[in-house]
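# Coordinates in review
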Amino acid sequence: FCGVVCETRGTVSCANVSEDERLANRTHIGPLRQSCYIGAPVMVDGEVYAVLSFASPHPRRRPFSDHEIELVELMAKGISRYILETRMQADRDRAEALEQDRSLVLEMVAKDQPLDSVLSQIVRMVER
């Protein structure tokens, strides 16, 4: 079912999977039992990064409400935001570490440290 969410790049909800053409035709996942499904894409940098999915082997008596769909979409957006913030923090951390390494190398050169020591520090910097 995640494939349908990825293809449509939108939320997919269905109270009874066997009655939904988009989902019932996914025969490669095995025999379908009547069940309900809701899934929303977790978008990162304009691409589907993951799918937040909920399913039950029991069909629902009613379709998912707008509020239920909105809740799942908000959860997926929250996960997206967390991933982006984590990536941004990692980028900041890498930039800060690089700047510290550069400063250390420049300080070593300014203090006329032996070339082997400076080159060793540069190698460690590149390895990180």
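Residues numbered from 1 in each chain as written. Predicted model: local features only at pLDDT ≥ 70, side-chain atom pairs only at ≥ 80, totals over all residues. Heavy atoms only, no water.

### Observations regarding the packing of aromatic side chains
By convention here, two paired aromatic rings are described through the distance between centres and the angle between planes. Selection rule: In this analysis, rings of Phe, Tyr and Trp, with Trp reduced to its six-membered ring, are considered paired at centre separations within 6.5 Å, and the interplanar angle assigns stacked below 30 degrees, edge-to-face beyond 60, and tilted for intermediate values. Throughout this description, the term charge over a ring refers to an Arg CZ or Lys NZ atom that lies within 6 Å of the ring centre and within 35 degrees of the ring normal.
Under the defined criterion, the tally for this structure stands at 1 aromatic pair. The ring of Phe64 is capped by Arg60, whose NZ or CZ atom sits 4.0 Å from the centre of that ring.

### Focus on the sheet that holds strand E3 (residues 47-56)
Rule in force here: Only strands that DSSP links by at least two bridges are regarded as paired with each other. Here a helix means four or more residues in a row that DSSP labels H or I, a strand means two or more in a row labelled E, and each is numbered from the N terminus. Think of each axis as a best-fit line through the C-alpha atoms, taken over the contacting stretch in the case of a helix, with angles from 0 to 180 degrees between the N-to-C directions. Residue contacts are counted whenever heavy atoms from the two residues lie within 4.5 Å of one another.
Sheet architecture is open: 3 strands sit in the order E1-E2-E3, paired in antiparallel fashion. With one partner strand each, in any of the chains shown, strand E1 (12-14) and E3 form the two edges of the open sheet. Adjacent strand axes in the sheet meet at a mean angle of 15 degrees, parallel and antiparallel pairs treated alike. Bridge analysis of strand E2 (residues 36-44) against E3 gives 9 bridges, and the strand direction is antiparallel. Within E3, the position partnered with Val44 by the bridge is Glu47. Packed onto the sheet, helix H3 (residues 66-110) meets E1, E2 and E3 and runs at close to 30 degrees relative to E2.

### Regarding the environment of Val118
Relative to the helices and strands, Val118 resides in helix H4 (residues 115-127). On a C-alpha basis, the gap between Val118 and Leu104 in space is 9.1 Å, while along the polypeptide they are 14 residues apart. What Val118 contacts, discounting residues up to four positions off in sequence, is Val105, Met108, Val109 and Gln113.

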